[in-house]
Amino acid sequence: MLLPVNDDPYVYPHTEILINAFNERNEDRLRQIEADYTGFRIRELMDSPIEGDYDLAHLCRLHQYIFQDIFDWAGQIRVINIEKAESVLGGLSVEYSDIADIEKHLNAALAHLNEIGWANLNIDEKAKEFAQSLAEIWKAHPFREGNTRTIVTFCCDFADRHGVPLDRELFSDNSAYVRTALVAASATFHDLGDRSNQEYLVRIVKDAIEHGTR
Ligand SMILES: Nc1ncnc2c1ncn2[C@@H]1O[C@H](COP(=O)(O)OP(=O)(O)OP(=O)(O)O)[C@@H](O)[C@H]1O
Ligand SMILES: [Mg+2]
């Protein structure tokens, strides 16, 4: 679980369990409920995606849809800073956006996504550009929980709309790999500089493009 930097209004007092619509206080059971409901909502979206301009409001609507059954703050940008120690970073956390910068960082990242000139790119360039945008959006981590599911779905919808369908099951079936690849691609730090490596993310994105069907 992502750890809050300050007091966390999202959890039951003296626990790390997110306040949820089922009032479920057991972490494993909540994880299962979350997986069931969000899985159902994400499958629904494959047939009828949320329409929008691939801007911040659109991303929030998508999170709202996916998490509507579980969290009453679904679709709302987080109000606390978060960190998570990563073994692949030797215990450091990705520098997720400070709450004061989330909108600014996301607007810039979404502008980059929208600038991708899909039609003129070969598959390696498509994979590189897409992975870069995915990682940039993900590094902002705008929601208290559920960023990876929302952002992967959002970016796949975006690519689909530009005639580049991706094999989404590759991402969901390899979610641990995807998360580690996103961490590696996002490893830029104020004090330690750029330690990022996009190779792993680009590799799975390229596979997903190669296996995507319409
Ligand atoms: N693209 C995806 N599609 C469907 N399920 C996913 C996807 N990515 C992750 N999951 C599942 O979501 C659950 C939570 O994963 P994880 O905590 O890494 O992501 P998140 O909650 O969406 O984002 P974060 O915790 O980074 O805000 C896991 O059970 C994982 O298997
Ligand atoms: Mg999570």
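Residues numbered from 1 in each chain as written. Chains lettered and ligands numbered in written order. Predicted model: local features only at pLDDT ≥ 70, side-chain atom pairs only at ≥ 80, totals over all residues. Heavy atoms only, no water.

Draft legend 1. Molecular detail of the overall build of the protein chain. Within the protein chain, the regular secondary structure consists of eight helices and four strands. In the protein chain, the succession of α and β elements from N to C terminus is β-α-α-β-α-α-α-α-α-β-β-α. For the protein chain, whose C-alpha radius of gyration is 17 Å, the value lies close to the compact-globule estimate of 17 Å for 214 residues. By its C-alpha atoms, the protein chain is 55 × 45 × 30 Å across when sized along the principal axes. For the protein chain, the proportion of its 214 residues judged to be buried stands at 46%. Put simply, 65% of the contacts in the protein chain that link residues at least 6 apart link residues at least 24 apart. Accessible surface for the protein chain amounts to roughly 11,000 Å². Of this, 48% is attributable to carbon and sulfur atoms. Put simply, the protein chain has 21 plus and 37 minus side-chain charges, and the middle of one group is 1 Å from the middle of the other. (Helix = DSSP H or I, 4+ residues; strand = E, 2+ residues; numbered from the N terminus. Rg over C-alpha atoms; globule rule 2.2 N^0.38 Å. Buried < 20%, exposed > 50% of the residue type's maximum accessible area, 1.4 Å probe, protein only. Contact = heavy atoms within 4.5 Å. Areas by Shrake-Rupley, 256 points an atom, 1.4 Å probe, with all protein chains shown as cover. Lys, Arg positive; Asp, Glu negative; His and termini not counted. Charge placed at Lys NZ, Arg CZ, Asp CG, Glu CD.)

Draft legend 2. Just the site of ligand 1, in detail. If you check the shell around ligand 1, you find 11 residues, and the closest are His141, Glu145, Asn147, Arg149 and Ser175. Residue His141 places a side-chain N or O atom 2.8 Å away from an oxygen atom belonging to ligand 1. Across the complex, the protein chains shield 74% of the 610 Å² of accessible surface that ligand 1 would expose by itself. (Near = heavy atom within 4 Å. Polar contact = N/O pair within 3.5 Å; in protein donor to acceptor, adjacent residues only side chain to side chain.)

Draft legend 3. Layout of the confidence of the model for the protein chain. For the protein chain, mean pLDDT is 95; residues scoring 70 or higher make up 97% of the total. Confidence, expressed as mean pLDDT per element, reaches its minimum in the protein chain at strand E1 (residues 3–4) with 67 and its maximum at helix H2 (residues 56–67) with 98. (pLDDT = per-residue confidence, 0-100.)

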